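Structure at a glance
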Amino acid sequence: MKYSTLGQTDITVSMVALGCWAFAGGRVWGPQDEAESIATVAAALDAGVNFFDTAEGYGDGASEAVLGRALAGRRYEAVIATKVSRRHLSGDDVQRACERSLRLLQTDYIDLYQIHWPSRTIPLDETMEALERLREQGKVRAIGVCNFGVGDLADLAEIGRVETNQVPYSLLWRAIEYEIEERCVDAGMGILPYSPLAQGLLTGKYGSPDEVPEGRARMRFFSGERPQARHGEPGCEAETFAAIERIRHVCKEMGQPMAQVSLAWLLHQRGVTAVLAGARRPEQIEQTAQAADLELAPEALDGLTQATEEIKRILGPNPDMWQSESRFR
């Protein structure tokens, strides 16, 4: 495992992090056995993964609670990142949300506390003041944001400092390369890509669009007529799976699994601190953890990048994976 530092802090994190959303189960992920989740956390720690990302909004605290139980006796080995929901960004609500997350996580501090989505009604300076207060109280070590576009980042620069911006980014989903990536790099803000495997598309397990479950086929890659879609776009299903085949060819030539190569590609991109890879079973995180040590030759990097240029062009600079009317600003 390789390690990096969160922003300008002294917090050291593994370059592959375990995303814990699936621990909550639910409509998107389906049933999830808690014992399997706990075993996955143990396997992550044993593989050198020390960075765990969750949120109060994942199953209304269910993911946090499972992670807290999974880290019992091993909290000292872990760096925990969690998020405060958009509905809790007023000053008093931030404090209450943090206290609840601390209880569920069974810890007295959160390493990285993040704004999950920016509010369009609550002033950012009110939220930042509450987060700074939590940091002064020792309940939070560092502050981060998620889903901040260039407008929100500009506003943030006038108010205070955060260490990370968690955004959707993968070999297939490259919208942040238009503007957001540069803003983060210039500010010394680490990029934490979520959905780095495009919710399973980059594992190579789906051979056609029709094989993708409904809960995952709501992304903008897919037709807006899909049952759970929240966008009205035609999608680019044929182009996406053609790109996946090109990626598969590059991986075959390398003799490496598509998931590990896709994560390694991200770790070679500017500003990326760690990738947030979800896992539901121990063997999944054991396999993805190996991506941190995978070095890609320049010709492989170029081949992978070229494989998805058409998708990047079709989907454009809107970073929102699910909505045409972007929640990013």
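Described in the following lines is the structure provided in the data block. (Residues numbered from 1 in each chain as written. Predicted model: local features only at pLDDT ≥ 70, side-chain atom pairs only at ≥ 80, totals over all residues. Heavy atoms only, no water.)

The next subject is the overall build of the chain. The number of helices and strands found in the chain is twelve helices and ten strands. Taking 20 Å as the expected radius of gyration for a compact globule of 329 residues, we find that the chain reaches 19 Å, a close match to that expectation. Looking at the chain as a whole, 60% of its 329 residues are labelled buried. Long-range pairs, those at least 24 residues apart, make up 74% of the contacts in the chain between residues at least 6 apart in sequence. (Helix = DSSP H or I, 4+ residues; strand = E, 2+ residues; numbered from the N terminus. Rg over C-alpha atoms; globule rule 2.2 N^0.38 Å. Buried < 20%, exposed > 50% of the residue type's maximum accessible area, 1.4 Å probe, protein only. Contact = heavy atoms within 4.5 Å.)

Before going further, it helps to examine the nonpolar core. Counting residues in each nonpolar core, the largest one holds 107 residues, and the members touching the most others are Leu18, Phe51, Phe52, Tyr113, Leu201 and Phe221. Looking at which element gives the most residues to this core, the answer is helix α9 (residues 258-267), with eight residues. The residues touching Leu201, leaving out its near neighbours within four places in the chain, are Leu172, Tyr206, Val212, Met219, Phe221, Phe222, Thr240, Phe241, Ile244 and Met258. (Core = buried A, V, L, I, M, F, W, Y, C linked by side-chain atoms within 4.5 Å.)

Turning next to helix α4 (residues 91-105). Taking 1.5 Å per residue, 15 residues should reach 21 Å; α4 reaches 21 Å between its end C-alpha atoms and fits that length. The set of residues buried in α4 consists of Gly91, Val94, Ala97, Cys98, Ser101, Leu102 and Leu105. All buried residues of α4 project into a common sector of 140° when viewed along the axis, lining one side. Those residues of α4 that are exposed and aimed more than 90 degrees away from the buried face are Asp92, Arg96 and Arg103. Tucked inside the fold, the buried residues of α4 contact α3 (62-70), β5 (79-84), β6 (110-115), α5 (124-136) and β7 (140-146). Immediately downstream of α4, the backbone of Gln106 shows phi near 55°, a positive value. (Expected span 1.5 Å × (residues − 1). Arc of directions from axis to C-beta.)

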